[in-house]
Amino acid sequence: MAPDGEVTLSKDFIKGLWKENPVIRQILGMCPTLAVTNSATNGLAMGLATTFVVISASTIVSIIKSLVPRQVRIATYVIIIASFVTIADLFLAAKFPSISKALGPYVPLIVVNCIILGRAEAFASKHPVHRAFIDALGMGVGFSWALILLGSIRELLGFGSIFGFKIMGAWFTPWIIMILPGGAFITLGIIIGLINQFTGSRTVDTSCH
Amino acid sequence: MEIILIFISAAIVNNFVLTYFLGICPFIGVSKKVETALNMGMATTFVMTLTAAITWLINTYILIKFNVPFLEYVAFIITIASLVQLVEMFIRKVSPALFRALGIFLPLITTNCAILGLALFAVLREYNFIESVVFGLGAGVGFTLALVIMAGIREELEFMDVPESFKGAPITLLIAGMLALSFMGFAGLLSV
Amino acid sequence: MDKRIIKMIVVLTATAVLSGGILALVYKKAEPLIEANRLRELKKAIFLVLPEAKDYKTVEKKGFNIYIGIDENGSQVGYAFVATGPGFQGKIKMMVGLANDMKTLTGMKVLEQVETPGLGNRISEDTFQGQFKGLSTEPEITYVKNKKPEKPNEIQAITGATISSKSVVAIVNKELKKVVKALKEEEVEKTYGP
Amino acid sequence: MNLKTFKHGIHPTYNKEFTSGKGIENCPVPKKVIIPLQQHIGRPCKPLVKKGDEVTEGQKIGDVEAFVSTPVHASITGKVTDIAPYPYPLGGMVQSIVIQRSEDISDKTSNDFNNKENSKLDISSLTSEDIRLAVHSAGIVGLGGAAFPTHVKLSPPENKEIDAIIINGCECEPYLTADDRLMVEHSEKILYGALAIMKAVNAGKIYIGIEANKKDALSLIKEKSAHFKEIQVVALQVKYPQGAEKMLIKAVLNRDVPLGGLPMDAGVVVQNVGTAFAAYNALQNKKPLTQRVVTVTGPGITEPKNLMVRIGTPFSDVIDVCGGIKEGNKKVIMGGPMMGIAQSRLDVPVIKGTSGILVLMESDTIRDFYKPCIRCAGCVDACPMKLIPYRLSDFGRFHMTEEFKEYGGMGCIECGCCSFTCPSNRPLVHWIRIGKLRLREAEKKSA
Amino acid sequence: MGGLGIFFAVFLSIADRKLAVKENPLIEEALSIIPGINCGACGLPSCHVFAERVVKGDVPVNLCMAGGKEVAEKLSKLLGIDTPDTEKVLAVVLCKGGTNESVQNARYIGEKTCEAANIGGGGKACIYGCLGYGDCVKACPFDAIDINDNSIPVVFYDTCVGCGKCVEACPRNIIEIHPDDQKLFVYCKNKDKGAVARKICKVACVACTLCTKDCEVEGGIEIIDNLATVNYSKCKESEAATKRCPTKCIYNDIEKNNTSKNFYVSRGKKEAV
Amino acid sequence: MPEIKEKKDDLLIVSSSPHIHTVENIPRIMHNVILSLFPPMGVSVYFFGMNALLLMLTSTVACILTEYVFQKGRKKEITIGDGSAIITGLLLALTLPPAFPLWAAALGGIVAMSLGKHIFGGLGYNIFNPALLGRAFLQAAFPVMITTWSAPLTGSIPVDGVTTATPLSLMKFEGQMTPYLNLLFGNVSGSLGETSAIAILIGAIYLLYKGYINLRQPFSYIGAIFVSGGIFWLISPDKYPDPIFHILSGGVMLGAFFMVTDYVTTPTTPLGQWIFGIAAGFLVVIIRLFGGLPEGVMYSILLMNAITPLLNRYTRPKIFGEVKVG
C-alpha cells in the first residue's frame, strides 16, 4: 500500500499543476487572475496568498471534516476561509505594505475564489489530511504559476520588464493595453486557446458552484 | 446629482465586469443564452442592492461600533451567503414561477465575487447608506448589461466558425477583452 | 430541538468564536505594524513636499489635517496637506507642500491614483510632480500644452494626458484655497483670539 | 404609369425572349402517356380502369375519394398497359396509369384546345353550383404550378365572404411564357372563364393582374375586357415574385393575407389565367383538363417553343419536339428557374402543374459552393414575406426548431428570392426547407 | 467579539436549519458513475438532470443508453434497488447499396448532407437507400459510426451503445435500433417492385420470397410492400433464410462479429464487411 | 443486374430551387468598396505625403499576411482575393495619424485580422469591425503615438514639421474652431483618411449609386450627431461646437459611410439599422463633449457592434400578414 500511497500523493500534487490547473483548465478564480496580474510580482504575491489560504483551509477542513454536520458544512468552510484570508490580508498589510496596496481589494476577494471552496468541498472534506494538504499545495502552485506566467507576459509587453527587471531595451515602446483590463482578458484568452491548441484538448465549461 | 453619477459610474464607466474583473465566473458561465443572462442579471442586481444596504448597516452599526474591522470579510461573506439563501427561500415561497426562472442562479450568486467586491468597495469609498444602495444597484445593472451583451454575442457564436481550441472560455475571454476595449470609450466620462 | 440542530449550532458557534479569537490575536499583533507603515508613508510624503522639514506636527482645522513641517531648529518651514479630488478615471490623492507665505508650493506628491497606466499615471512621475516645486499660487495655477511654461504659475501638461494634468491642477487649486482660508482664520484667531 | 406592386422582391434576368414571340403549337400526340393518379395537392385518386382496358380521350380514369382531390382523365385514346408506381416530376414515385396510343390515331390528331375561334360563353344560364361541378369533374387544378384543386378554392366556407377574384397573369418566373401566350391567343376565353369563376363564388369584381412587361397581353386583355364593367385590368411592376398569391393580393388590393391563412381569409380568390382558360373549356366545350400549355425553353433547348401538351406526355417526347437538348452538362427543371424542380430523369410525365420545361446548362446554374454569410442583409431586403432568411436558414441547418418557429419560418413561401440575391451563394431556401421539415416533424411528435 | 461570533453562529444555524442544504450527495455519486457525455439519449436535458431524477427514483436506472448494463447495475447498487433487465441494443444500417452497387440517376449539387440531399433530390435512383453523406456520423456522440469507401455507414459494434442519435439523423430511416439478440437482418429498404428494384441496385430486395420459404419459423419473414421483413417476435436468427437470396441482401449475424473500430481502422476504411 | 453508370458527366444535375443566381458576389462587392476608398486615399497622400502611402501599404500587407497565415493554419480556403483583408488594412490605415510608426501599423493590422476577424472564423463571423478593433487596440496600447498629429503638407496651418492638434482637440481643449472649408477639403491635421469630407463623399456616392450601401445607417448616424450636437449647441453655444463642425470634423464621415455601413458588424433589420445609427451618433456626441477623449467615432461604433446581436434579435420586422397578438 505504501508505494501506492506515494503515487497517489504525487498524483494529487501534479494534477493541480497541469491536468486540473484551476486557471487554465477549470477557468476558476478569474477575478484575481485577471485583476492583479499586471506585473509578475503581483501575480506571485497573489499566488502565494492564495496558496497559503487554500492550504490552510484545506488542511483545517480535512481535520474537522468529521465534526461538521452536512447542513452547516459550507457555512463553516466559508468562515474558516474568510478567517485565513483576513490573516493573509493583515500579514501583507503589516509586512509588505506596497504589495498590499497593489493588490488592493483583491486580497479579500480570495474568500470567494472558487478554487478554495471548491477544493475544500470536493477534496479536503473527503480525504485525509496529508492528501488534502498535498492537493491544496498542487492547486496553489498551479494557480501561482499561471498567475506568474500571465503577469510576466503582461509586464513584459506593458512595461518592458519582468519582476521589475528591465528586459526590453530603450527601443521598446510599452504596449499600455497589456496593463489595462482589455489586455488582461485578451492575454488570458490567447494563452488558454494556444495551450488547448498545442495539447489538443478543450477547456471544460465550468462556473462556480 | 452625486447619486446619478455614482449610478452611471458603477453601471457603465467603471463596469464591474469589464474594468474591475468582478463576477467573471458567472460572466463566463451563464452567458450562453440571452434569456438566462437576463434572469441571472436581474437576480444578481436584486441581491447586490440588498447586500449593499445590509453590509452598510453591519459595517456601520457592528464593525465600526464594536471596533472589530478585522471581522469585515467574515461578516460580509456570511451575510451574503445567508442573504442569498433567504432570498431563495423567500422567492420560492412568494412566487414559484419566479423561482423557476431565477432560482437556479441563486446559489451561484454566493460565490460571485462581484457581490463581496461591491460590499468592500462601498466601505472603501466611504459611501453613505443611500450612496451604497445606489452603488449596488448601478453595479448590478452594469453586471446585467455586460452579461446580456455577452450572451447576445455568444448566441451568435453558435453559427460561427471559432477554432476548436478557442471555443468556450478562451473566446469568451477574448470577447470580454474586446468589450473592455470598447468600454474604454467611456473613460473619463464623469470627471470632466 | 433535536440533537442535530444543537450540534450544528455548537459547531458553527465554536468555529466562529475560534476564528474570531484567532483573528483578534492576529489583529492585535498586526495593527501596530500597519499603523506604523501608514505613518512612515505619511512622514515620507510630508518630508518630500517639505524638503527642509525634519519633523512635523499635526493640527486639525476645519476638517483638515494640516501637517506643519519643522526643521532641526524647531522653526516652522511650511504646511503640508492631503488634497483629494476626481481625476480622469477615479480619485487622485496627493500630498501638497505649502511654504510659510502660503503663496508658493514647496512640492507635490501623488499618493494614490488610478489614472491610465503609461499616460495619466505619469502624474506620479517626478518630471511632472517636480514642476509644482516653487510654483506660485497667485494667480491660480494653470497648465499649458506642448510648450514650455512661461509664467511662474504655469505647468506643462503631460502629452496625451491633458485631462489628468488638468485634474491635478484643479484639485490643487480647489483644496489649496480651502486650506489657506482655514490657516488664515487660524492666524486671525491667534492674533486677535479671545 | 404608376404600377402597383408589393414590398421587397427581386429583379432577376427574365430571359423570356426565348419563347415570348412564339405562338402556341400543338404538341404531337405521344405514343404513350403516363398519368399519375395524384397531380394535385390532396388525396390521390382511385383508378377506375384496369390493365388492358380501352380508354378514349377525355374519359375519366381516376376518381376522387376525398373533397380535396380531383379526378384524372385519359389524355389520349388507347389501351391501359400498366397501373403501377412511376417516377413523378415532383419527386419519388406515384401510382400512375400508362396508356398506349391506339394505332388508328396519328401524331397530328387535331387538338381542339388550341382552337383560336372565340365562342361566347353564356354565363347567365349557369348557377354557381353548376360551375363548381363542371370545374370539379373536369379535373381542374391551379395551373400556375401549385396544382391546388380549383373547386375547393371555389367553395369557400360560409363564414368567408369573397368579394373579389384576381386572375393571375403575372407569370413572374423568368423564362416562362405559357400564360403570356395564352393571354395573347385566347384572351376572350380567359375572360369568360374568369367571369364563370366570379359567378361561382358570388364575387362582384374581377381584377386581372398582368406584369407590365407583357405589353401585348396587357393591351389585348384591356381592349377585350373594356365592355365588362366588373373586370378591371391592373398593370403590375415587373418584379419577382409578383405572381405569388399573397404578393399579388397585396399589390392589387393592398390587402394582407394573414400569416398561415389563405387568400380567402382576405376575401379573395386567386386563379391563374390557365385555370380560367381550362374553366372556359370545361363549361363551354365540356372538355376535361387533358392538355395544357407548356413552355419548353432555356439555353439547353435547341428550339424553344410554347406547346399545347397532353397530360402524361413524357418530358423526353416534349423535348424531342423542340429539337432535343444541347450537348453538355445540364439541368432539366419542371417549372421556372426560381421555384421549379430539377429532374433526375426524363421519363417523367407532364402533369397538370407543369407550366414549363426549362433546360439550363451547368454554367447558367452556379450552386456548388457557398461562402460564409456576410450579413449584407440582401436576403432581408429581398424577402417578400419580411422574414430573416439568413437567420432562419441557420436555424434550419442546425436543427434549432424552436427558434425557427419563433422567427416565423413556416411563413416562408420558398420563392427563392433570398438564395438568388445572396452574394455568398448560400442555399438559404434549401436550409429553410430543412427547418420546415424538422419543425413539422417536431410538431407531429409533440402532438 | 466572541459574542459577535455567537451571533453569527446562531443566525446561521437558524438560517441553515430553515433551508438545509438540499443537494443529495447521492446525486454526485450517481453522476460519477454515469458516462457524463450529455448525449441526451435518455431524453433528459443533461446527465446531471438524469442523476437527480434517478436518485429521486423518477426514472429507471437503465435509462442511460450510453452507460448500458454496467452503469445500470452500479446505479442500482448505489440506490439499493433491483436492476431491471437491460438489453444491449445496437444500431443497424439497413442498406448495402453503395456507389458500387446502386445506380446513380443524377448528379446532386448542393449542401452535402443527407438531410439536404434528401430534400434536394439526392441523385441516387433508389429513393429508399442510403445517401452516403454521413449525417449519422456527425450525429453519433461516440464516434461509433463512419462512412466506408462505398459510401455506406459502418457501425462499430464495440463502441456503439444504441443511443439512437443516428436513427434520428437519418432522413431515409435506414438505421434502426435492435436488441443484441436479433441477428437476422434484411439490408434493404426498397419498396419498389422487384423488377424496378433490380434495375437500380445490385443488392436490393427484389421480393422474391425465397427467404420467407427458407426460414425455419413459419411467418418469421414476411414480404410487406415488396420488401422482405423479419418478424422478430417469431424469429430472431436464421441461417437458412439467407442462403438462397439472389441479391445477397439478407444476412444472419455477420456484421457484429467483424466490425470493431480497430478492425475497421486497420483495414484503412476499406469496406469492412 | 443493373448497369452502374460510371460516367457521371452524362447525368442530369439535380439541386434545390432556385436554380439561377444574381451576378453579385463577395469579391465584386469588396472590390467596389476598395475602389470607393480611392478618393480619401488619394487626398491623404496629397496632404500627408509618402508616409501616408507607406502606412496604407504596411497595414494592408500585414492584414493580408495574417489572413493567409490563419487560413493556411486552419487548412481553409485562402480568400485573400476577395478583397476583404485589403479593405480592413486600408480602413485601419485611414484612421491612423500620418506620422504613426509603420511597425505599430503592422501590429494593428495583425490584431485587426487575428482578434478582429479570424478568431471568430473569418469573413462574416466577426462581431466587431476589424479595422476599428485594430485601431482601438493601438489606441489603448500606444495612446501617445496615436494622438500625435502632424500638420498637412499644404494648407492654412503653417508647416513647421512639428505636431499640431486636430480640429477636435483644438475644440475640446483650446476652444478653437477650424474653418469649415478646411474641414471639407481636408487640409487640417488628423487621421489619414478622415480629414477630407469631400473625398469621402465621392467614394460614398459611388457606393450608393452601385447600391452596395443604403442610406439608412449613414443618414441616421449623421442625423443623430447633428441633432444631439445641435441640442447641446443651442443650450450653450459658447461651450459646445455647432453641429456642422461635429459632422465635418474627426472620423464621422469615414465612419458613417465605411464603418457604420459595414455589412458584417451592423444590424440586418431596417429598424435595427436605424437604431444602430441613431444610438452610435448619440454616443459620438456624448463621448466628444463629456468624455475624456476628443473623438468618439471609433468607440461609438465598437460599442454598437457589441449590441448588434441584441438589436438583430429584438428588431425583427413584422412578418408579412402577421397579426401581432398582444
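Residues numbered from 1 in each chain as written. Chains lettered and ligands numbered in written order. Predicted model: local features only at pLDDT ≥ 70, side-chain atom pairs only at ≥ 80, totals over all residues. Heavy atoms only, no water.

1. Observations concerning the confidence of the model for chain F
Residues and elements named next belong to chain F.
Here comes step 1: For chain F, per-residue confidence averages 87 on the pLDDT scale, and residues scoring 70 or more make up 93% of the total.
Here comes step 2: Per-residue pLDDT stays below 50 along residues 1-7; that stretch engages in 16 contacts with residues further than four places along the chain or on separate chains.
Here comes step 3: Within the model, pLDDT remains below 50 along residues 155-161, and this stretch shows six contacts once partners closer than five positions in the same chain are excluded.
Here comes step 4: On the interface metric, ipTM, the complex scores 0.86, and its pTM is 0.88. (pLDDT = per-residue confidence, 0-100. Contact = heavy atoms within 4.5 Å.)

2. Remarks on the pairing of strand β17 (residues 356-361) of chain D
Look at any regular strand and the pattern is simple: side chains alternate between the two faces of the sheet.
Residue and element names in this part refer to chain D.
Here comes step 1: Among the six residues of β17, six are classified as buried, and the element is accordingly described as predominantly covered.
Here comes step 2: Burial along β17 is two-sided: the residues Gly356, Leu358 and Leu360 and Ile357, Val359 and Met361 are all buried.
Here comes step 3: When strand β15 (residues 330-334) meets β17, the two strands line up antiparallel, connected through five bridges. The residue bridging Lys330 from the neighbouring strand is Met361, located in β17. (Buried < 20%, exposed > 50% of the residue type's maximum accessible area, 1.4 Å probe, protein only. Helix = DSSP H or I, 4+ residues; strand = E, 2+ residues; numbered from the N terminus. Pairing = 2+ DSSP bridges.)

3. Points about a nonpolar patch on the surface
Residue and element names in this part refer to chain F.
Here comes step 1: Taken together, the side chains of Met50, Leu53, Leu54, Leu57, Val61, Leu65 and Leu102 define a hydrophobic patch exposed on the protein surface, amounting to about 620 Å² of accessible area.
Here comes step 2: Counting residues per element, the nonpolar patch draws most heavily on helix α3 (residues 50-73), which supplies six residues.
Here comes step 3: Residue placement: Leu54 occurs in helix α3.
Here comes step 4: Its relative accessible area of 36% is what places Leu54 among the partly exposed residues. (Patch = residues over 30% accessible without salt bridge, like charges linked within 9 Å, V, L, I, M, F, W, Y side chains within 5 Å. Areas by Shrake-Rupley, 256 points an atom, 1.4 Å probe, with all protein chains shown as cover. Salt bridge = Lys/Arg side-chain N within 4 Å of Asp/Glu carboxyl O.)

4. Remarks on the interface of chain F and chain D
Here comes step 1: Taken residue by residue, the interface counts 37 residues in chain F and 60 residues in chain D.
Here comes step 2: On the chain F side of the contact with chain D, His19(F), Ile20(F) and Phe320(F) bury the most area, a combined 20% of that side's loss.
Here comes step 3: The tally of links from chain F across to chain D stands at two salt bridges.
Here comes step 4: A salt bridge links Asp381(D) to Arg216(F); the shortest N-O distance between them is 3.7 Å.
Here comes step 5: Taken together, chain F and chain D are joined by 18 residue pairs in polar contact (both at pLDDT 80 or more).
Here comes step 6: Among the elements of the structure, β1 (12-14), α1 (26-36), α13 (270-290) and α14 (297-314) of chain F are those that each provide at least two residues to the side of chain F that touches chain D.
Here comes step 7: Sorting elements by how many residues they give to the side of chain F that touches chain D places β1(F) first, with three residues.
Here comes step 8: Taken together, the residues of the side of chain F that touches chain D break down into 15 nonpolar, 14 polar and eight charged. (Buried area = accessible area lost by both parts, 1.4 Å probe. Polar contact = N/O pair within 3.5 Å; in protein donor to acceptor, adjacent residues only side chain to side chain. Nonpolar A, V, L, I, M, F, W, Y, C, P; charged D, E, K, R; others polar.)

5. Focus on the arrangement of the chains
Here comes step 1: Between chains D and F lies the most contact-rich interface of the 13 pairs of chains that touch.
Here comes step 2: Spatially, chain A and chain D are disjoint, and the shortest separation between their C-alpha atoms is 21 Å.
Here comes step 3: In this assembly chain C lies apart from chain D, the nearest approach of their C-alpha atoms being 36 Å.

6. Focus: the interface of chain C and chain A
Here comes step 1: Counting residues at the interface gives 22 residues for chain C and 22 residues for chain A.
Here comes step 2: Between chain C and chain A, a total of about 1,800 Å² is buried, with carbon and sulfur atoms accounting for 77% of that surface.
Here comes step 3: The tally of links between chain C and chain A comes to one salt bridge.
Here comes step 4: Between Glu41(C) and Lys101(A) there is a salt bridge, with the nearest N and O atoms lying 3.7 Å from each other.
Here comes step 5: Applying the counting criterion to the chain C and chain A interface returns three residue pairs in polar contact (both at pLDDT 80 or more).
Here comes step 6: Listing elements by their share of the side of chain C that touches chain A, those giving two or more residues are α1 (3-49) and β5 (105-112) of chain C.
Here comes step 7: If you tally residues by element for the side of chain C that touches chain A, the top one is α1(C), at 17 residues.
Here comes step 8: The residue inventory of the side of chain C that touches chain A, partitioned by class, reads 13 nonpolar, five polar and four charged.

7. As for the sheet that holds strand β8 (residues 93-101) of chain D
Residues and elements named next belong to chain D.
Here comes step 1: Spatial ordering of the open sheet is given by β2-β8-β7-β4, a layout of four strands whose pairing is antiparallel. Unpaired on one side and paired on the other, β2 (32-36) and β4 (54-55) mark the two borders of the sheet.
Here comes step 2: Across two bridges, β4 lies against strand β7 (residues 78-87) in antiparallel orientation. Of the residues in β7, the one forming a bridge with Val55 is Gly78.

8. Let's talk about the environment of Tyr314(F)
Here comes step 1: Positionally, Tyr314(F) belongs in helix α14.
Here comes step 2: A relative accessible area of 52% means that Tyr314(F) is categorised as exposed.
Here comes step 3: On a C-alpha basis, the gap between Tyr314(F) and Phe128(F) in space is 19 Å, while along the polypeptide they are 186 residues apart.
Here comes step 4: In contact with Tyr314(F), not counting residues within four places along its chain, are Val34(B) and Glu35(B).

9. A look at the pattern of salt bridges
Here comes step 1: As enumerated under the stated definition, the model contains 46 salt bridges over all chains in all.
Here comes step 2: When the shortest N-O distance is used, the salt bridge between Arg391(D) and Glu156(B) registers 3.1 Å. With one member in each of two chains, Arg391(D) in helix α10 (residues 389-397) and Glu156(B) in helix α9 (residues 129-157) form a pair that bridges those chains.
Here comes step 3: Relative accessible area serves as the criterion here: at 9%, Arg391(D) is assigned to the buried category.
Here comes step 4: Glu303(D) is the partner of Lys305(D) in a salt bridge, and the nearest nitrogen-oxygen pair spans 3.6 Å.
Here comes step 5: Lys305(D) sits in the buried class, given a relative accessible area of 10%.
Here comes step 6: A relative accessible area of 41% means that Glu303(D) is categorised as partly exposed.
Here comes step 7: Salt bridges sharing partners connect three or more residues here, namely Lys15(A), Arg119(A) and Asp135(A).

10. Remarks on the packing of aromatic side chains
Here comes step 1: Counted under the stated rule, the structure contains 35 aromatic pairs over all chains.
Here comes step 2: Aromatic pair Trp18(A) and Trp145(A): ring centres 6.3 Å apart, planes at 10°, arrangement stacked. Of this pair, Trp18(A) sits in the loop between α1 (2-17) and α2 (30-35) while Trp145(A) sits in helix α7 (residues 129-159), placing them 127 residues apart in sequence.
Here comes step 3: We classify Trp18(A) as partly exposed; its relative accessible area is 38%.
Here comes step 4: An angle of 70° between the planes, with centres 5.7 Å apart, marks the rings of Phe232(F) and Tyr240(F) as edge-to-face.
Here comes step 5: Lying across the ring of Tyr207(D), Lys205(D) places its NZ or CZ 5.8 Å from the centre.
Here comes step 6: Its end group placed over the ring of Trp431(D), Arg397(D) keeps NZ or CZ at 4.3 Å from the ring centre. (Phe/Tyr/Trp six-rings, centres within 6.5 Å; stacked < 30°, edge-to-face > 60°. Lys NZ or Arg CZ within 6 Å of the ring centre and 35° of its normal.)

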